[in-house]
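# Tertiary structure, described
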Amino acid sequence: MGRKKCLAIGEFPYVSVQDARQRVSEHKSLLARDIDPSDQREQKTNDLTFRKFADEFYIPHAKLHKKTWKEDIYILDRQIIPAFGDYRLSSITARDISTFLTTQKERTSSITANHYGRLLKRMFNLAFKWGMIGNSPATSLDKFKEKPHRERYLTKEELPRFLKAVEELEDGLSKAAIKLLLFTGGRRGEILSLQWHQIKLNEQRIFLPHTKNGKSWSILLNSRAMTVLKGLKKNKDSIKKTAETTCSRPGMDPEGPTYSI
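Predicted model only: the values in this text are computed from it and were never measured.

## Comments concerning the pairing of strand S2 (residues 205–208)
Burial of the side chains of S2 is restricted to one face: Ile206 and Leu208 are buried, whereas none of Arg205 and Phe207 on the reverse face is. Note that strand S1 (residues 199–200) and S2 share 2 bridges and pair antiparallel. Considered in S2, the bridge of isoleucine 199 is made with isoleucine 206. Here S1 folds back onto S2, and the loop between the two strands holds 4 residues, one of which, glutamine 204, carries a positive phi near 55 degrees. The pairing of S2 with strand S3 (residues 217–220) spans 4 bridges and is antiparallel. Bridge pairing in S3 links leucine 208 to tryptophan 217.

Here it is in structure tokens:
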């Protein structure tokens with residue numbers, strides 16, 4: 001009597017129901033010809049490079065599950081894929097990863113190297129979960145010791161000089177964003193991605209439906225922040241026109257989140 005074997009198809013919603021049915025049909029077709037689908041998968045896994053895994057498997061998954069997937073793509077394209085792109089995924093060792101992260105620490109900082117380490121750990125854990133590698137080489141990575149976070153506040157003497165410098169900016173939108181960061185204490189991403197429907201001027205608050213910790217909350221507006229927002233609303237059309245003519249960075253769409261207010 002033959003030994004029963006199971007073959008995982010994939011994780012929902014990364015693999016849709018339609019795709020799962022298609023793969024089952026393909027596996028049945030292989031079995032009908034006395035071909036073991038697991039042997040076929042093993043061969044594909046042996047040929048799978050880190051670059052192909054990132055492009056065809058990890059990034060589509062990250063787009064569904066991570067708000068910061070664009071940051072992952074940036075890090076992969078700039079640092080990780082140049083280092084590991086042509087390696088077979090199953091051949092990358094813990095030592096390879098450790099050497100890479102040490103180099104990044106010396107080039108940048110412990111914080112950056114640890115950030116790269118978290119991304120690599122997540123990627124290899126998923127590859128293991130999906131049956132693409134026998135074990136994850138990033139499981140036991142040691143974190144680098146990070147320096148204590150340093151906070152710096154403007155003094156009473158510095159604040160007027162800072163505001164004067166901000167007023168001299170020609171870009172009205174940038175000027176407003178800096179002031180809102182100062183007057184509300186909001187995070188950069190929260191302020192730069194604001195849309196008008198989130199701003200409740202009559203209630204003197206900004207509503208944030210999706211924050212970093214996954215919860216919604218409101219930022220209360222003081223008189224200075226209210227003045228900035230009222231000025232933005234009054235000059236909305238002229239600021240948008242300026243944004244359209246000065247926008248130059250890749251991905252910076254005047255109709256997108258950065259210029260939404």
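Picking up where we left off.
## Examining the sheet that holds S1
One open sheet accounts for 3 strands, arranged S1-S2-S3; its pairing is antiparallel. The open sheet has two edge strands, S1 and S3, and neither has a second partner.

## Here we look at helix H6 (residues 110–129)
Between its terminal C-alpha atoms H6 stretches 28 Å, which fits the 28 Å expected from 20 residues at 1.5 Å a residue. Among the residues of H6, those classed as buried are Ser110, Ala113, Asn114, Tyr116, Gly117, Leu119, Leu120, Met123, Phe124, Leu126 and Ala127. In the core, the buried residues of H6 are packed alongside helix H3 (50–65), helix H4 (69–84) and helix H5 (94–107). After H6 finishes, the residue glycine 131 shows a positive phi value of roughly 75 degrees.

## What to know about the confidence of the model for the chain
Low-pLDDT portions of the prediction should not be read for the details of their coordinates. Per-residue pLDDT for the chain has a mean of 81; in total, 75% of the residues score no lower than 70. The secondary-structure element of the chain with the lowest mean pLDDT is helix H11 (residues 236–246), recorded at 53, while H5 shows the highest, at 96. Predicted confidence for residues 245–261 stays below pLDDT 50, and this span has 30 contacts to residues more than four positions away or in other chains.

## Notes on the packing of aromatic side chains
In this structure the tally under the stated criterion is 7 aromatic pairs. Between phenylalanine 50 and phenylalanine 124, the ring centres sit 6.1 Å apart and the planes meet at 40 degrees, which makes this aromatic pair tilted. In this pair, phenylalanine 50 sits in helix H3 while phenylalanine 124 sits in helix H6, placing the two residues 74 residues apart along the sequence. Given the relative accessible area of 1%, phenylalanine 50 is considered buried.

Rules behind the numbers
- Throughout this description, residue numbers start from 1 for each chain and increase along the sequence as written.
- The predicted nature of this model means local features are confined to residues of pLDDT at least 70 and side-chain atom pairs, given and counted, to a pLDDT of 80 or more, with totals for whole chains, interfaces and linings taken over all residues.
- Remark: hydrogens and water are excluded; side-chain values derive from all non-hydrogen atoms of the structure.
- For each residue, the accessible area found with a 1.4 Å probe, counting protein chains only, is set against the maximum for its type, and the residue is called buried under 20%, exposed over 50%, and partly exposed in between.
- Where helices and strands are cited, they refer to DSSP runs of H or I of at least four residues and of E of at least two residues respectively, numbered from the N terminus.
- Pairing between strands is defined by DSSP: at least two bridges between them are needed.
- In this scheme, a helix's expected span is set at 1.5 Å multiplied by one less than its residue total.
- Residue contacts are counted whenever heavy atoms from the two residues lie within 4.5 Å of one another.
- The predictor rates its confidence in each residue with pLDDT, a number between 0 and 100.
- Ring geometry is summarised as follows: Phe, Tyr and Trp rings, the Trp one being its six-membered ring, pair when their centres sit within 6.5 Å, and such pairs are stacked at plane angles under 30 degrees, edge-to-face over 60 and tilted between the two.

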